[in-house]
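Results of the structural survey
One-letter residues, chain by chain:
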Amino acid sequence: MAAVHFDSYTEARTHLKALLDAAERGRVATVRRESAVTALVDVDRLRHYLAKVIPSHAQVISEAGGWSVFIPGLPVSADGATFDQAVAEMIEGLREYAEDWQDHLLDVPNHRENWGVVQLISLSDDTQLREWLVGAAR
């Protein structure tokens with residue numbers, strides 16, 4: 001099976017199984033609506049790719065009886081009494097940022113380019129986010 005492309009949503013709905021099968025196999029799967037073309041991508045493949053191309057650059061700092069975590073360029077930081085608490089708080093903060101981005105920040109100029117990291121956050125479970133932030137669990 002080669003790439004799958006449909007020139008309308010009506011055509012795509014009629015051939016939804018073929019569209020989904022192509023996406024799940026990692027093939028190019030697209031649908032046109034007027035002048036826009038949308039790609040359908042398997043979630044696990046997209047999440048894996050985003051985790052590889054978007055390093056977190058998380059900074060974890062031990063401070064006066066606690067830990068702090070922040071990511072340069074993102075308006076999210078967290079503190080905790082232990083390393084694990086700080087990381088858990090950071091994951092919660094990332095989830096809140098992703099919700100805010102979806103709700104009202106996606107068109108704000110200094111947040112617009114965070115599309116990829118928001119997708120990564122939204123498509124990851126807590127274990128995957130922890131690994132992205134600080135590496136595999138100890």
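Being a predicted model, the structure only gives us computed values, none of them experimental.

**Focus on the sheet that holds strand E5 (residues 66-70)**
One open sheet holds the three strands; their spatial order is E4-E5-E6, and the pairing between them is antiparallel. One side of each edge strand has no neighbouring strand; the edge strands of this open sheet are strand E4 (59-63) and strand E6 (77-80). This sheet shows a mean twist of 15 degrees between the axes of neighbouring strands, independent of strand direction. Looking at chain direction, E5 and E6 are connected through four bridges and run antiparallel. Residue phenylalanine 70 lies in a different strand from E6, and its bridge partner there is serine 77. Sheet strands in contact with helix H4 (residues 83-105) are E4, E5 and E6, and its direction is about 150 degrees off that of E6.

**Re the packing of H4 against helix H6 (residues 115-123)**
Contact geometry for H4 and H6: axes closest at 9 Å, N-to-C directions at 120 degrees. Judged by the angle between their axes, H4 and H6 are oblique. Here H4 runs over H6; the crossing is left-handed. Counting all contacts with H4, which are made through Leu94, Arg95, Tyr97, Ala98, Trp101 and Gln102, the residues of H6 involved are Trp115, Val118, Gln119, Ile121 and Ser122. Of the residues assigned to the contact of H4 with H6, the class counts are seven nonpolar, three polar and one charged.

**Regarding a negative patch on the surface**
There is a patch of like negative charges on the surface, built from Glu63, Asp79, Glu89, Glu92, Glu96, Glu99, Asp100 and Asp103. Mapped onto the elements of the fold, aspartate 103 is located in helix H4. Assessed through its relative accessible area of 61%, aspartate 103 is described here as exposed.

**What to know about the sheet that holds strand E3 (residues 36-39)**
Strand order in the open sheet formed by three strands is E1-E2-E3, and the pairing between neighbours is mixed. In the strand order of this sheet, the two ends are held by strand E1 (4-6) and E3, each with one partner. Taken over all neighbouring pairs, the strand axes of this sheet differ in orientation by 20 degrees on average, direction set aside. In this structure, strand E2 (residues 29-33) lies alongside E3, joined through four bridges in antiparallel fashion. The residue of E3 that forms the bridge with arginine 32 is valine 37.

Calculation rules
Residues numbered from 1 in each chain as written. Predicted model: local features only at pLDDT ≥ 70, side-chain atom pairs only at ≥ 80, totals over all residues. Heavy atoms only, no water. Pairing = 2+ DSSP bridges. Helix = DSSP H or I, 4+ residues; strand = E, 2+ residues; numbered from the N terminus. Axes fitted to C-alpha atoms, helices over the stretch in contact; angles between N-to-C directions. Contact = heavy atoms within 4.5 Å. Parallel < 35°, antiparallel > 145°, perpendicular 65-115°, else oblique. Left-handed = near helix turned anticlockwise from the far one by under 90°. Nonpolar A, V, L, I, M, F, W, Y, C, P; charged D, E, K, R; others polar. Patch = residues over 30% accessible without salt bridge, like charges linked within 9 Å, V, L, I, M, F, W, Y side chains within 5 Å. Areas by Shrake-Rupley, 256 points an atom, 1.4 Å probe, with all protein chains shown as cover. Salt bridge = Lys/Arg side-chain N within 4 Å of Asp/Glu carboxyl O. Lys, Arg positive; Asp, Glu negative; His and termini not counted. Charge placed at Lys NZ, Arg CZ, Asp CG, Glu CD. Buried < 20%, exposed > 50% of the residue type's maximum accessible area, 1.4 Å probe, protein only.

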